[in-house]
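Descriptive structure summary
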Amino acid sequence: MLLADKTVIITGASRGIGRAIALECARQGGKVVIGHSGSEPSKLQVASLIQEIEQAGSRAVDVGADAADPDTGSKLVKAAVEAFGSVDVFVNNAGICPFHAFLDMPREVYYKTVDTNLNGAYFAVQAAANQMKEQGRGGSIIAVSSISALVGGAMQTHYTPTKAGLLSLMQSCAIALGLYGIRCNAVLPGTIETDINKDDLADQEKRDYMIKRTPLGRLGEPDDLAGPVVFLASDMARYVTGASLLVDGGMFVNLQ
Ligand SMILES: NC(=O)C1=CN([C@@H]2O[C@H](COP(=O)(O)OP(=O)(O)OC[C@H]3O[C@@H](n4cnc5c(N)ncnc54)[C@H](OP(=O)(O)O)[C@@H]3O)[C@@H](O)[C@H]2O)C=CC1
Ligand SMILES: C[C@H](O)[C@@H]1OC(=O)[C@H](O)[C@@H]1O
């Protein structure tokens, strides 16, 4: 098992990509801290996820706290240390993408998106890194960025800068934390079918267009991210830091 004896914190793990990552980490022997918003629906989703993780033979605890809050990272780290004694892997995954046009972007939508996706992540990565430094045996930090770190979207002008920001944060942290054996990498998903784009992909024309742009001929599933994240989390990736891995079925390189 690739993550035996490791404690993994994953933000936004109640559903979608984060949930798939949490389950695979557990299957690989990792003990899991599940971050989520703390809303009533998320509590139910997390309860069923913890059951699945236990059935897979591992253990999990959850922390319901707003990813936008700069104190949430410390709460996740505290929960990990209390429950399992360490933090070995931190996956920053929580995110929102409320599609909206640029010219009349409401300030509150802009700030909420940047706070949730990037500002909270900055302090969460900092909290995880400080814990890993204290433990003295390195660690792995992974940000779920996006193909949108590299390309634009007319309805995502508030969102794409957060994904570029996460990619850049991992690159700079790889330099800042290499000294402590802490590796920092980013995964860049393409279009993965989850709640975040349910409404957008309900438009059949848009859906067909996104599939047509993808050389592998289908949209992504949350589980498509699980393997790449587990690899980066594991010691198999021991010399990989500052890297970014597109997980997009080939969409990015498909110009013509
Ligand atoms: N789906 C896609 O095509 C792509 C997604 N991504 C990125 O992947 C990540 C996961 O997205 P995805 O799984 O698709 O989306 P989902 O909407 O399915 O899941 C989002 C997750 O983030 C959590 N979350 C959202 N807001 C907050 C908050 N304020 N505080 C705490 N947790 C919060 C949710 O928790 P709760 O259930 O409690 O609300 C949920 O667990 C995001 O960062 C997204 O940008 C990147 C590229 C493509
Ligand atoms: C939410 C979008 O469908 C999704 O988010 C991303 O980061 C991808 O680039 C897609 O646009």
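Computed from a predicted model, the values in this text were never measured in an experiment. (Residues numbered from 1 in each chain as written. Chains lettered and ligands numbered in written order. Predicted model: local features only at pLDDT ≥ 70, side-chain atom pairs only at ≥ 80, totals over all residues. Heavy atoms only, no water.)

1. Brief notes about the nonpolar core
Grouped together as the largest cluster of nonpolar side chains are 32 residues, with contacts concentrated most on I9, F90, I141, M170 and C184. Where this core is concerned, the elements lending two or more residues are α3 (72-84), α4 (107-135), β5 (139-144), α5 (160-177) and β6 (182-189). Excluding anything up to four places from it in sequence, M170 contacts V125, I141, I142, A143, C184, N185 and A186. Within the second largest apolar cluster, 30 residues are counted, among which are A13, I53, I142 and V229. (Core = buried A, V, L, I, M, F, W, Y, C linked by side-chain atoms within 4.5 Å. Buried < 20%, exposed > 50% of the residue type's maximum accessible area, 1.4 Å probe, protein only. Helix = DSSP H or I, 4+ residues; strand = E, 2+ residues; numbered from the N terminus. Contact = heavy atoms within 4.5 Å.)

2. Remarks on the UniProt feature "domain: Ketoreductase" (unreviewed entry) in the protein chain
The UniProt record marks residues 6-183 with the feature "domain: Ketoreductase" (unreviewed entry), using the residue numbering of this structure. Annotated as 49% helix and 15% strand, the span residues 6-183 places its first and last C-alpha atoms 15 Å apart. (UniProt positions renumbered as here; feature names shortened; annotations may be inferred.)

3. Describing the pairing of β5
Within β5, six of the six residues are buried, which leaves it mostly tucked inside the rest of the structure. The two faces of β5 match: G139, I141 and A143 on one face and S140, I142 and V144 on the other face are all buried. Where strand β4 (residues 89-92) lies against β5, four bridges are found, and the strand directions are parallel. The residue bridging F90 from the neighbouring strand is I141, located in β5. Read as a crossover between parallel neighbours, the route from β4 over α4 to β5 is right-handed. In this sheet, β6 lies alongside β5 in parallel orientation, the contact comprising six bridges. Bridged to I142 within β6 is N185. This β-α-β element, β5 to α5 to β6, shows right-handed connectivity. (Pairing = 2+ DSSP bridges. Right-handed = clockwise from strand over helix to strand, strands pointing away.)

4. Concerning the packing of helix α1 (residues 16-27) against helix α2 (residues 40-55)
Between α1 and α2, the least distance of the axes is 10 Å, while the angle of their chain directions is 20°. One way to sum up the angle between α1 and α2 is to call them roughly parallel. Viewed along their axes, α1 and α2 form a crossing whose handedness is right-handed. Between α1, through R19, A22, L23 and A26, and α2, the contact on the second element is made entirely by Q45, S48, L49, E52 and I53. Residues of the contact of α1 with α2, tallied by class, amount to five nonpolar, two polar and two charged. (Axes fitted to C-alpha atoms, helices over the stretch in contact; angles between N-to-C directions. Parallel < 35°, antiparallel > 145°, perpendicular 65-115°, else oblique. Left-handed = near helix turned anticlockwise from the far one by under 90°. Nonpolar A, V, L, I, M, F, W, Y, C, P; charged D, E, K, R; others polar.)

5. Re the site of ligand 2
Looking at ligand 2, the residues that line it are C97, F99, S146, I147, S148, Q156, Y159, G190, I196 and N197. One of the side-chain N or O atoms of N197 is found 3.3 Å from an oxygen atom in ligand 2. When ligand 2 is considered free in solution it has 300 Å² of accessible area, and contact with the protein chains removes 89% of it. Among the residues forming the shell around ligand 2, the class breakdown is five nonpolar, five polar and no charged. (Near = heavy atom within 4 Å. Polar contact = N/O pair within 3.5 Å; in protein donor to acceptor, adjacent residues only side chain to side chain. Areas by Shrake-Rupley, 256 points an atom, 1.4 Å probe, with all protein chains shown as cover.)

6. Description of the pairing of β4
On β4, burial covers both faces: V89 and V91 on one face and F90 and N92 on the other are all buried. Relative to β4, strand β1 (residues 7-10) runs parallel, the two being bridged by three bridges. The residue bridging I10 from the neighbouring strand is V91, located in β4.

7. Focus: the site of ligand 1
Around ligand 1 lies a shell of 31 residues, among which S14, R15, S37, Y159 and T194 are the nearest. Between ligand 1 and the protein, one listed contact pairs an oxygen atom with a side-chain N or O atom of S14 at 2.6 Å. Between ligand 1 and the protein, one listed contact pairs an oxygen atom with a side-chain N or O atom of N197 at 3.2 Å. The fraction of the free accessible surface of ligand 1 (880 Å²) that becomes covered by protein chains is 93%. Counting only elements with at least two residues in the shell around ligand 1, the list comes to α1 and α2. Among the residues making up the shell around ligand 1, the classes are represented as eleven nonpolar, 16 polar and four charged.

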